[in-house]
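Structural overview
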Amino acid sequence: MLGLLTAGASSAAAIVYLAHRGNNNTNWFSICQQFNSLCERISGSLIGSFIAVVLLILLILLSAIALSRRH
């Protein structure tokens, strides 16, 4: 689950980067100048996904500690 969550957050980061910067080599222009509210929302959701990654890592560590104390 951690791998899937990290992969999803990383691919979303790539899309957000393209939305903010664009790519002149492929004629993909920055869409944030035209759709500012969209870029604010996707940036916020990207922050939320990376917070979820950190929380899942903390849960895994807490579970590992609880299991190691049990045995």
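Cut-offs and rules
Residues numbered from 1 in each chain as written. Predicted model: local features only at pLDDT ≥ 70, side-chain atom pairs only at ≥ 80, totals over all residues. Heavy atoms only, no water. Helix = DSSP H or I, 4+ residues; strand = E, 2+ residues; numbered from the N terminus. Rg over C-alpha atoms; globule rule 2.2 N^0.38 Å. Buried < 20%, exposed > 50% of the residue type's maximum accessible area, 1.4 Å probe, protein only. Patch = residues over 30% accessible without salt bridge, like charges linked within 9 Å, V, L, I, M, F, W, Y side chains within 5 Å. Areas by Shrake-Rupley, 256 points an atom, 1.4 Å probe, with all protein chains shown as cover. Salt bridge = Lys/Arg side-chain N within 4 Å of Asp/Glu carboxyl O. Disulfide = S-S within 2.5 Å. Expected span 1.5 Å × (residues − 1). Contact = heavy atoms within 4.5 Å. UniProt positions renumbered as here; feature names shortened; annotations may be inferred.

Focus on the overall build of the protein chain
Along the backbone of the protein chain there are 2 helices and 0 strands. Computed over the C-alpha atoms, the radius of gyration of the protein chain is 17 Å, more than 25% above the 11 Å expected from 2.2 N^0.38 for a compact globule of 71 residues. Projected onto the principal axes, the alpha-carbon positions of the protein chain cover approximately 60 × 25 × 10 Å. A total of 71 residues make up the protein chain; the buried ones form 14% of that total.

Structural notes on a nonpolar patch on the surface
The grouping of Ile 47, Ile 51, Val 54, Leu 55, Ile 57, Leu 58 and Leu 61 at the surface amounts to a nonpolar patch, some 640 Å² of accessible area in total. With respect to the element layout, Ile 57 can be found in helix α2 (residues 36-70).

As for the state of the cysteines
Taken as a whole and judged by the stated rule, the model has 1 disulfide. Each sulfur in the disulfide pair Cys 32 and Cys 39 lies 1.9 Å from the other. Linking Cys 32 and Cys 39, the disulfide has an S-S dihedral of approximately -95° and is accordingly described as left-handed. In this structure Cys 32 comes out as buried when scored by relative accessible area, which is 11%.

Comments concerning α2
Spacing of three or four residues puts side chains on the same side of an α-helix, whose turn is 3.6 residues. Spanning 35 residues, α2 covers 52 Å between terminal C-alpha atoms, matching the ideal 51 Å at 1.5 Å per step. Turning to α2, its buried residues are Cys 39, Leu 46, Ser 49 and Val 53. On its buried face, α2 is in contact with α1 (2-21).

A closer look at the UniProt feature "domain: Casparian strip membrane protein" (unreviewed entry) in the protein chain
Mapped onto the present numbering, the UniProt feature "domain: Casparian strip membrane protein" (unreviewed entry) falls at residues 1-55. Helix makes up 73% of residues 1-55 and strand makes up 0%, while its end C-alpha atoms are separated by 12 Å.

Description of the environment of Asn 27
Its location among the elements puts Asn 27 in the loop between α1 and α2. Assessed through its relative accessible area of 55%, Asn 27 is described here as exposed. Taking C-alpha positions, Asn 27 is 26 Å from Ser 45, a pair spaced 18 residues apart along the chain.

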